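Inside the fold
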Amino acid sequence: QQQVKQSPQSLIVQKGGISIINCAYENTAFDYFPWYQQFPGKGPALLIAIRPDVSEKKEGRFTISFNKSAKQFSLHIMDSQPGDSATYFCAASGNSGNTPLVFGKGTRLSVIA
Amino acid sequence: EAGVAQSPRYKIIEKRQSVAFWCNPISGHATLYWYQQILGQGPKLLIQFQNNGVVDDSQLPKDRFSAERLKGVDSTLKIQPAKLEDSAVYLCASSIDRDQAFFGQGTRLTVV
């Protein structure tokens, strides 16, 4: 059973545009929602994360929007650059109920000049 | 600080052979994870340790996979016997608590 559903599977964005990736979850025990970035041949690296007590978190060009009632969260990459081309994974975990870190299937982002 | 170290980086074995992967987590990180990442998919949790105790191994194929974490530090993941469908990247990650997990570069296993 996939606990975190991610879309789209792939995304092509023009340089300078906004990249948007969406995720949805069902398990209400989740209380930590990170996004990971992975380049070919590398392990995933934490990009930004949010907890349910806030609806938005911004770090540089990266913003997470969180909708607790809809059980959805999204990653926005502003002013997308070719160097942002990578695979992005949303994930979720929970300290209560012993819910380990689980990942979505990933979105392959290509930023073209 | 040093990152999560994994070895080997690559391994090619024939089906039915055995293989072992090693992971050295970031110093002081109590939580250690092993994930399996099949090409084009997200990482799938195999096992989670808290110090040297198993927290979650519900998705570990226990008939062929085993893992241990001696003294709450290094960990090994073993597959015996390997199947073709075990071809994947095996990622080790560690964290101080259950939140911010740091990943190693992974071991790419090819079973032929």
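Going by the structure above, here's the rest.
Here goes a summary of the coordinates provided. Fair warning: this is a prediction, and the values are worked out from it, not measured in the lab. (Residues numbered from 1 in each chain as written. Chains lettered and ligands numbered in written order. Predicted model: local features only at pLDDT ≥ 70, side-chain atom pairs only at ≥ 80, totals over all residues. Heavy atoms only, no water.)

**A closer look at the side chain of A:Gln38**
Inclusion rule: Under the DSSP-based scheme used, a helix requires at least four consecutive residues in state H or I and a strand at least two consecutive residues in state E, with every element numbered from the N terminus. Exposure is judged per residue with a 1.4 Å probe applied to protein chains only, and the accessible area is read against the type maximum: over 50% gives exposed, under 20% gives buried, and values in between give partly exposed. Within 3.5 Å is the distance limit for a polar contact, defined as a pair of N or O atoms, with the added protein rule that one can donate a hydrogen and the other accept it, and that residues adjacent in sequence qualify only through two side-chain atoms. By the convention used here, residues are in contact when the closest approach between their heavy atoms is within 4.5 Å.
On the secondary structure map, A:Gln38 appears in strand 4 (residues 33–38). Given the relative accessible area of 11%, A:Gln38 is considered buried. Engagement of the side chain of A:Gln38 in a polar contact is seen with the backbone oxygen of A:Lys42, the distance being 2.8 Å. Sequence-distant contacts of A:Gln38, that is, excluding residues within four places in its chain, are made with A:Gly43, A:Pro44, A:Ala86, A:Thr87, A:Phe89 and B:Gln37.

**Notes on the interface of chain A and chain B**
Here is the rule we go by: When two parts are put together, the accessible area they lose, computed with a 1.4 Å probe and summed over both, is reported as buried area. Definition used for salt bridges: Asp or Glu carboxyl oxygen within 4 Å of a side-chain nitrogen of Lys or Arg. When residues are grouped by polarity, Ala, Val, Leu, Ile, Met, Phe, Trp, Tyr, Cys and Pro land in nonpolar, Asp, Glu, Lys and Arg in charged, and all others, Gly among them, in polar.
Contacts between the two partners involve 20 residues from chain A and, on the opposite side, 19 residues from chain B. For the pair chain A and chain B, the two sides together bury roughly 1600 Å², of which 47% comes from carbon and sulfur. Applying the counting criterion to the chain A and chain B interface returns zero salt bridges. There are five residue pairs in polar contact (both at pLDDT 80 or more) connecting chain A and chain B. Counting residues per element, the ones that place at least two in the side of chain A that touches chain B are strand 4, strand 9 (86–94) and strand 10 (99–103) of chain A. It is strand 10 of chain A that provides the largest number of residues to the side of chain A that touches chain B, a total of four residues. Residues belonging to the side of chain A that touches chain B are distributed by class as follows: eight nonpolar, nine polar and three charged.

**Some details on the sheet that holds strand 3 (residues 19–24) of chain B**
All names here are of chain B. So the rule is basically this: Two strands form a pair only when DSSP identifies at least two bridges running between them. For helices, the fitted axis covers only the stretch in contact; all axes are lines through C-alpha atoms, and the angles between them, taken along N-to-C directions, range from 0 to 180 degrees.
Taken in spatial order, the four strands make up an open sheet running 1-3-8-7, and their pairing is antiparallel. Lying at the two open borders of the sheet, with one neighbouring strand each, are strand 1 (5–7) and strand 7 (65–69). Here the average twist between neighbouring strands, direction ignored, is 15°. Of the pairings in the sheet, the one linking strand 7 to strand 8 (residues 75–79) comprises five bridges and is antiparallel in character.

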